[in-house]
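For reference, the chains in residue letters:
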Amino acid sequence: MGDIAAKGAHELFQGIVQGSRPHLSRAISHVENGARGAAELLSHAYKARKGALITGITGSPGVGKSTLVDGIVRELRKAGHTVGVLAVDPSSPFTGGAILGDRVRMGQGHALDEGVFFRSLATRGHLGGLSRHTGDVIALLDAFGFDHIVVETVGAGQSEVDIMRYAHTVVVVLAPGLGDDMQAIKAGILEIGDIFCVNKADLPGAERTRRDIEMMLDMKEPAGWRPPVTQAIAVNGQGLPELVSEIFRHQSYLVASDTLKEKNRWSYKAVLEEYLRLLTVGKVLELASRDGGLDAALDDLMQGKAGPMEVALKLLQKYWA
Ligand SMILES: Nc1nc2c(ncn2[C@@H]2O[C@H](COP(=O)(O)OP(=O)(O)O)[C@@H](O)[C@H]2O)c(=O)[nH]1
Ligand SMILES: [Mg+2]
């Protein structure tokens, strides 16, 4: 866990706005490791955000998200846009490190392209699939000046809801023949998708899956935006131009309907919630575990001397000022 002094933070920030990728990489590492000085760096970065369009890609493991992201990046590059890609990986419960597969495999085809930047974040066991630092790293990428930011996240319950708060456009990826996916849809994925993509359309059942989603969308109250259901074969790039054109169409819709601002405000609320949690819960837990206060509180609970509300209030009074 390195420290960056105020001067270091400023220098890193200068490097970022001047387009230095090594500076960007280092800044992300500092943020990920919670280095001292990261708060100052981030404060610069948030103020210098340039307004990248942010697309979230979510869905069950194995549906082809990473492969699709690769194709999306290719299409965005063809259209002349620069892209920052953030893959939020499930962390191993033993080491807390990101699973290496995606880190190595993703982005290989773009290794020499200056207009693309790939990075994975470990989730570090944070509840939901998103790293606690996702919002901060998005701000760094935005300050760097990418036109688009694409975030891939594991589709595991709460994470879909979390990513929705940082993304302007959420693409829910499904694959044919996965009963689980239909379960997931019932569990709320339907609510968060701005675009649905049935990937692996080379496998049997894709059309059926597409129709199932359309039917479920039919049952919803019509709102301003009807999520399109696209099909793709990510491994050979089929359907990718259509998917990317739907992403563009959704982003134009957000601007035209004036909901982009609303979305940005909502995503700042998510960021603020993270910071408030860090300053309150994080601070109390850290201080109380240093001087035995946490152990004492747990003893009280274990021995039935006090209820959780009492104990929590006491901890707040003692450690949070
Ligand atoms: N048949 C088929 N396989 C695909 C397709 N897209 C991805 N895959 C494969 O599905 C597996 C999982 O892909 P990956 O992109 O890692 O999925 P993720 O876990 O959702 O990121 C890999 O072996 C891919 O090669 C597709 O369109 N058709
Ligand atoms: Mg993946």
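A short tour of the structure in this document, coming up. (Residues numbered from 1 in each chain as written. Chains lettered and ligands numbered in written order. Predicted model: local features only at pLDDT ≥ 70, side-chain atom pairs only at ≥ 80, totals over all residues. Heavy atoms only, no water.)

## Notes on the packing of helix α2 (residues 21-32) against helix α6 (residues 134-144)
Applied cut-off: Whenever a helix is involved, its axis is fitted only over the stretch in contact; in every case the axis is a line through C-alpha atoms, and angles between N-to-C directions fall within 0 to 180 degrees. Numbered from the N terminus, helices here are DSSP runs of H or I no shorter than four residues, and strands are runs of E no shorter than two. Comment on the angle field: the value is read as roughly parallel under 35 degrees, roughly antiparallel over 145, roughly perpendicular from 65 to 115, and oblique elsewhere. Put simply, a crossing is left-handed when the front helix is turned counterclockwise from the back one by less than a right angle, and right-handed when it is turned clockwise. It only takes one pair of heavy atoms within 4.5 Å for two residues to be counted as in contact.
Where α2 meets α6, the closest approach of the two axes is 10 Å, and the angle between their N-to-C directions is 165°. One finds that α2 runs roughly antiparallel with respect to α6. Between α2 and α6 the crossing geometry is right-handed. Here α2 contributes R21, L24, A27, I28 and V31 to the contact with α6, which in turn contributes D136, V137, L140, L141 and F144.

## Concerning the side chain of K65
What counts here: For every residue, the accessible area (1.4 Å probe, protein chains only) is compared with the maximum for its type, and the residue is labelled buried under 20%, exposed over 50%, or partly exposed between those bounds. Only four residue types enter the tally: Lys and Arg on the positive side, Asp and Glu on the negative side; His and the chain ends are excluded. Only one rule defines a salt bridge in this text: a Lys or Arg side-chain nitrogen within 4 Å of an Asp or Glu carboxyl oxygen.
Checked against the element boundaries, K65 lands in helix α4 (residues 65-78). Although buried, K65 forms no salt bridge, and the nearest oppositely charged side chain, E152, lies 4.6 Å from it. Those residues in contact with K65 that sit more than four places away from it in its chain are I57, T58, G59, S60, E152, T153, V154 and V173.

## Here we look at the site of ligand 1
Selection rule: Any residue with at least one heavy atom within 4 Å of a molecule or strand is counted as near it. The definition of a polar contact used here is a pair of N or O atoms within 3.5 Å, where within protein one atom must be able to donate a hydrogen and the other to accept one, and adjacent residues in sequence count solely through side-chain atom pairs. Each accessible area is a Shrake-Rupley result for a 1.4 Å probe, and residues are judged covered by the shown protein chains and nothing else. Residues are grouped as follows: Ala, Val, Leu, Ile, Met, Phe, Trp, Tyr, Cys and Pro are nonpolar; Asp, Glu, Lys and Arg are charged; all remaining types, including Gly, are polar.
Taken together, 16 residues lie around ligand 1, and G62, K65, S66, T67 and D202 are the ones closest in. Between ligand 1 and V63, the relevant distance is 3.4 Å, taken from an oxygen atom to a main-chain nitrogen or oxygen of the residue. A distance of 2.5 Å separates an oxygen atom of ligand 1 from a polar side-chain atom of T67. The fraction of the free accessible surface of ligand 1 (580 Å²) that becomes covered by protein chains is 73%. Looking at which element gives the most residues to the shell around ligand 1, the answer is α4, with three residues. Residues that form the shell around ligand 1 fall into these classes: five nonpolar, six polar and five charged.

## Some thoughts on the packing of α2 against helix α3 (residues 38-47)
Contact geometry for α2 and α3: axes closest at 9 Å, N-to-C directions at 125°. Taken as axis vectors, α2 and α3 run oblique relative to one another. In this structure, the crossing between α2 and α3 has a hand that is left-handed. Touching A27, H30 and V31 of α2 are A38, L41 and L42, all from α3.

## With respect to the layout of surface pockets
Definition in use: In this analysis a 1.4 Å probe is tested at points of a 1 Å grid over the protein atoms alone, and where it fits but cannot get out there is a cavity; an open set with protein on both sides within 12 Å along at least five of seven lines is a pocket; lining residues have an atom within 4 Å of a point. Grid points are joined across faces, edges and corners, and a volume is the space filled by probe spheres set on the points.
Of the volumes computed, that of the second largest pocket is approximately 420 Å³. Contributions of two or more residues to the lining of the second largest pocket are made by α8 (179-192) and α10 (240-256). Looking at which element gives the most residues to the lining of the second largest pocket, the answer is α10, with three residues.

## Quick look at the packing of aromatic side chains
The condition that has to hold: For Phe, Tyr and Trp, where Trp contributes only its six-membered ring, two rings pair if their centres lie within 6.5 Å, and the inter-plane angle classes them as stacked under 30 degrees, edge-to-face over 60, or tilted in between.
Under the criterion given, the structure shown has four aromatic pairs. When the ring of W225 is compared with that of Y253, the centres are 5.3 Å apart and the planes differ by 40°; the resulting orientation is tilted. Remark: Y253 occurs in helix α10 and W225 occurs in the loop between α9 (206-218) and β7 (229-231); sequence separation between them is 28 residues. Each residue in the set F117, F144 and F146 is aromatic and connected to the rest through ring pairs, giving one cluster.

## A word on α9
The condition is simple: A helix's residues, less one, multiplied by 1.5 Å, set its expected span. The arc under discussion is defined with respect to the helix axis, by the directions toward the C-beta atoms.
A rise of 1.5 Å per residue sets the reference length of α9, with its 13 residues, at 18 Å; its end C-alpha atoms lie 18 Å apart and thus fit the reference within 8%. Among the residues making up α9, those that are buried are A206, T209, D212, I213, M216 and L217. Taken end-on, α9 shows its buried residues confined to a sector of 135°, consistent with a single buried face. Pointing more than 90 degrees away from the buried face of α9 are the exposed residues R208, M215 and D218.

## Structural notes on the pattern of salt bridges
Taken as a whole and assessed by the stated rule, the structure comprises 14 salt bridges. Put simply, E246 and R249 hold a salt bridge, and the shortest N to O gap is 2.7 Å. Taken together, the residues E246 and R249, both in helix α10 and three residues apart, mark about one turn of the helix. Given the relative accessible area of 43%, R249 is considered partly exposed. A network of salt bridges, in which partner residues are shared, links E207, R210, E214, D218 and R226.

## Quick look at the pairing of strand β5 (residues 169-174)
Worth spelling out the cut-off: DSSP bridges decide pairing: two strands pair if at least two such bridges lie between them.
Counting buried residues along β5, six of its six residues qualify, which places the element largely inside the surrounding structure. The side-chain alternation of β5 yields two buried faces, one formed by T169, V171 and V173 and the other by V170, V172 and L174. Of the strand pairs in this sheet, strand β1 (residues 53-59) and β5 are connected by four bridges, and their pairing is parallel. If you follow G56 over to β5, its bridge partner there is V170. Relative to strand β6 (residues 195-198), β5 is paired through four bridges, and the arrangement is parallel. Bridge pairing in β6 links V173 to C197.

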